[in-house]
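# Commentary on secondary and tertiary structure
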Amino acid sequence: MTQPELVTDGRIAQAHGFTLWFTGLSGAGKSTLAAAVSAELRGRGIPVEVLDGDEVRQNLSRGLGFSREDRDINIRRIGYVAKLLTRNGVAVITAAISPYRAIRDEVRESIGAFLEVYVKASLDECIRRDTKGLYARALAGELPQFTGVSDPYEEPLSPELAIDTERPSARARPPAECERCLAPRTFASGPVP
């Protein structure tokens, strides 16, 4: 292929990735929604990668604790991988608590083609859903620096989407708001460099 043919090739011209950054308390439904959106994107023939916070912590951020500094390092690592994938035309979905607003904003700036999705559920609901027993351990003082209990979660001030997973429609299927995540993205900053 010649250079002009490459530029006009539809596969190349549409190879602009984006990142959907799912943030919220443990148990809010980030991983569940990420899996549903990922399956829908794959079904549409869109290359997609899910960066789940628990999996990243086990494989890319092993050895980090839960201090603010360690959490920020973990989110920067997730953000860096998301940036690499995004600039190579992949739809990236992250599902990580990412409790601090400043680091989320830093990652947003770095990636560019970034949509913040606040997966919202009350602390009481997250405790009720807790299949791993983490909230019970945190409330008993066994898990220090647990987000939402002994460490803060800074809610997004103006996310592109906010999905309240306590709503019955959100529990039944990915809510209608997620359809906007799946539509072709345009970003004020233009294509990802």
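To keep things clear, this report deals only with the structure shown in the data block. Values in this document were obtained by computation on a predicted structure and should not be read as measured data.

## Structural notes on the overall build of the protein
What the protein contains, in helices and strands, is ten helices and five strands. When the 193 residues of the protein are sorted by exposure, 40% land in the buried category. For the protein, the proportion of contacts with a sequence separation of at least 24, taken over those separated by at least 6, is 74%. Counting every atom, the protein has about 10,400 Å² of accessible surface; 54% of that belongs to carbon and sulfur.

## Structural notes on the nonpolar core
The biggest cluster of nonpolar side chains holds 27 residues, and the ones touching the most others in it are Leu20, Phe22 and Ile93. Residue assignment for this core shows that the elements contributing at least two residues are strand S1 (18-23), helix H3 (30-43), strand S3 (91-95), strand S4 (114-120), helix H8 (134-139) and strand S5 (161-164). Listed in part, the 14 residues of the second largest apolar core include Val56, Val90, Val92 and Val107.

## A short note on the pattern of salt bridges
Should their charged atoms come close, side chains of opposite charge can pair. Considering all chains together, one arrives at eleven salt bridges under this definition. A salt bridge links lysine 132 to aspartate 54; its shortest N-O distance comes to 2.9 Å. Note that lysine 132 is positioned in the loop between helix H7 (123-129) and H8 and aspartate 54 in helix H4 (residues 53-59), a separation of 78 residues in sequence. Ionic pairing is found between glutamate 154 and arginine 68, a salt bridge with its closest N-O pair at 3.9 Å. In this pair, glutamate 154 is assigned in the loop between H8 and S5 and arginine 68 in helix H5 (residues 68-87), connecting sequence segments 86 residues apart. Residue glutamate 154 is classed as partly exposed on the basis of its relative accessible area, which comes to 21%. Classification of arginine 68 by relative accessible area gives partly exposed; the value is 39%. One network of salt bridges, in which partners are shared, links Arg104, Arg108, Glu116 and Glu160.

## Here's the deal with unusual backbone geometry
Unlike most non-glycine residues, serine 98 shows phi in positive territory, near 40 degrees. With respect to the secondary-structure elements, serine 98 resides in the loop between S3 and helix H6 (101-111). Phi at glutamine 145 takes a positive value of approximately 60 degrees, unusual for a residue other than glycine. Here glutamine 145 shows up in the loop between H8 and S5.

## Let's talk about the packing of aromatic side chains
Evaluation of the coordinates by the stated rule reveals three aromatic pairs. Look at tyrosine 135 and phenylalanine 146: their rings are 4.9 Å apart centre to centre, the planes differ by 80 degrees, and that puts the pair in the edge-to-face class. Separated by eleven residues along the polypeptide, tyrosine 135 in helix H8 and phenylalanine 146 in the loop between H8 and S5 bring together distant segments of the chain. Each of the two residues, tyrosine 135 as well as phenylalanine 146, counts as buried. Taking the ring centre of phenylalanine 66 as reference, the NZ or CZ of arginine 57 above it sits at 4.0 Å.

What counts, and at which threshold
Residues numbered from 1 in each chain as written. Predicted model: local features only at pLDDT ≥ 70, side-chain atom pairs only at ≥ 80, totals over all residues. Heavy atoms only, no water. Helix = DSSP H or I, 4+ residues; strand = E, 2+ residues; numbered from the N terminus. Buried < 20%, exposed > 50% of the residue type's maximum accessible area, 1.4 Å probe, protein only. Contact = heavy atoms within 4.5 Å. Areas by Shrake-Rupley, 256 points an atom, 1.4 Å probe, with all protein chains shown as cover. Core = buried A, V, L, I, M, F, W, Y, C linked by side-chain atoms within 4.5 Å. Salt bridge = Lys/Arg side-chain N within 4 Å of Asp/Glu carboxyl O. Phe/Tyr/Trp six-rings, centres within 6.5 Å; stacked < 30°, edge-to-face > 60°. Lys NZ or Arg CZ within 6 Å of the ring centre and 35° of its normal.

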